[in-house]
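# Coordinate inspection notes
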Amino acid sequence: MTEPTAAARPHKIPESVLVVIHTAALDVLLIERADAPGYWQSVTGSKDSADEPLLETCVREVAEETGIAIGSAAVPLSGLRDWRLANVYEIYPRWRHRYAPGVTHNTEHVFGLRVPVGTPVTLNPREHLRHVWLPWREAADRCFSPSNAEAVLQLPRFAA
């Protein structure tokens, strides 16, 4: 099966999730983008359809990007928390072609996911190059996106 061309892919929906994956000790998982080496981030992803519930978007994106199965015995659904924060930000010009013409902003809903220490991570090599677990302050410093960095800095408040 061949990968659809950019012209054949549907436009991304400008509503997404940001999932800060962390341990009880507040170590944070960051993944490095394949299309932008050196750009480290938490799991992010757009809704597949306008009516897709945000929790489903989180479960799908975390599985696609890290191989972590939310709802499994190791990572129960109760570990996923809606922080009830939303960021509206301007889409970086380099990625605007993925959206419908004229779309310049995205609404990002922030979630946290607590996982056990040692949770295995399996990256999709088309999307991400490497992963790292870092203490939350170091993770915030490594994030390329200001909204991602701010979310990681909120972790102690929401993980309590």
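Refer to the preceding data block for the structure.
Computed from a predicted structure; not experimentally measured. (Residues numbered from 1 in each chain as written. Predicted model: local features only at pLDDT ≥ 70, side-chain atom pairs only at ≥ 80, totals over all residues. Heavy atoms only, no water.)

## Details of the overall build of the protein chain
A tally of regular secondary structure across the protein chain gives four helices and seven strands. Of the regular secondary structure in the protein chain, the N- to C-terminal order runs β-β-β-β-α-β-β-β-α-α-α. Over its C-alpha trace the protein chain gives a radius of gyration of 15 Å, about what one expects of a compact globule, namely 15 Å for 160 residues. Classification of the 160 residues of the protein chain by burial places 42% in the buried group. Contacts spanning at least 24 positions in sequence make up 68% of the contacts within the protein chain whose residues lie at least 6 apart. Looking at the protein chain as shown, the accessible area adds up to about 8600 Å², and 56% of this sits on carbon and sulfur atoms. Taken together, the 16 basic and 19 acidic charged side chains of the protein chain have centroids lying 2 Å from each other. (Helix = DSSP H or I, 4+ residues; strand = E, 2+ residues; numbered from the N terminus. Rg over C-alpha atoms; globule rule 2.2 N^0.38 Å. Buried < 20%, exposed > 50% of the residue type's maximum accessible area, 1.4 Å probe, protein only. Contact = heavy atoms within 4.5 Å. Areas by Shrake-Rupley, 256 points an atom, 1.4 Å probe, with all protein chains shown as cover. Lys, Arg positive; Asp, Glu negative; His and termini not counted. Charge placed at Lys NZ, Arg CZ, Asp CG, Glu CD.)

## Considerations on the packing of aromatic side chains
As enumerated under the stated definition, the model contains six aromatic pairs in all. Judged by centre distance (4.5 Å) and plane angle (40 degrees), the ring pair of Tyr39 and Phe144 falls under tilted. Of the two residues, Tyr39 is situated in the loop between β2 (27-33) and β3 (40-41) and Phe144 in the loop between α2 (136-142) and α3 (146-153); the sequence distance between them amounts to 105 residues. Phe144 gets classed as partly exposed once you look at its relative accessible area, which sits at 22%. The interplanar angle of 85 degrees and the centroid separation of 5.8 Å between the aromatic rings of Tyr92 and Trp95 together place this pair among those described as edge-to-face. You can call Trp95 buried: its relative accessible area is 9%. (Phe/Tyr/Trp six-rings, centres within 6.5 Å; stacked < 30°, edge-to-face > 60°.)

## Regarding the side chain of Glu108
Looking at the element boundaries, Glu108 is found in strand β6 (residues 105-114). One buried charged side chain, Glu108, makes no salt bridge at all; its nearest oppositely charged neighbour is Arg33, positioned 9.1 Å away. The residues contacting Glu108, other than those within four sequence positions of it, are Ser16, Val17, Leu18, Thr44, Leu85, Ala86, Asn87, Tyr89 and Ser147. (Salt bridge = Lys/Arg side-chain N within 4 Å of Asp/Glu carboxyl O.)

## Considerations on the pairing of β6
When you tally the buried positions in β6, you get seven out of 10 residues, the bulk of the element. Where strand β1 (residues 15-22) lies against β6, eight bridges are found, and the strand directions are parallel. For Val17, the partnering residue across the bridge sits in β6 and is His109. Pairing of strand β5 (residues 80-90) with β6 involves nine bridges; the strand directions are antiparallel. When the bridges of β6 are listed, Arg81 appears paired with Gly112. (Pairing = 2+ DSSP bridges.)

## With respect to the nonpolar core
Side chains of nonpolar character tend, in soluble globular proteins, to be buried together. Val28, Leu30 and Val152 are the most contacted members of the largest nonpolar core, which totals 18 residues. At the level of secondary structure, the elements contributing two or more residues to this core comprise β1, β2, β7 (128-135), α2 and α3. Ignoring anything within four residues of it in the chain, the contact list for Val28 reads Val20, Ile21, His22, Val132, Trp133, Leu134, Trp136, Ala139, Val152 and Leu155. Listed in part, the 17 residues of the second largest apolar core include Cys58, Leu80, Val121 and Leu123. (Core = buried A, V, L, I, M, F, W, Y, C linked by side-chain atoms within 4.5 Å.)

## Points about the pattern of salt bridges
Applying the stated rule across the entire model yields 10 salt bridges. As a salt-bridge pair, Lys47 and Glu15 come within 3.3 Å of each other at their nearest N and O atoms. With a gap of 32 residues between them, Lys47 in the loop between β4 (43-46) and α1 (54-66) and Glu15 in strand β1 connect regions that are remote in the sequence. The exposure class assigned to Lys47 is buried, which follows from its relative accessible area of 9%.

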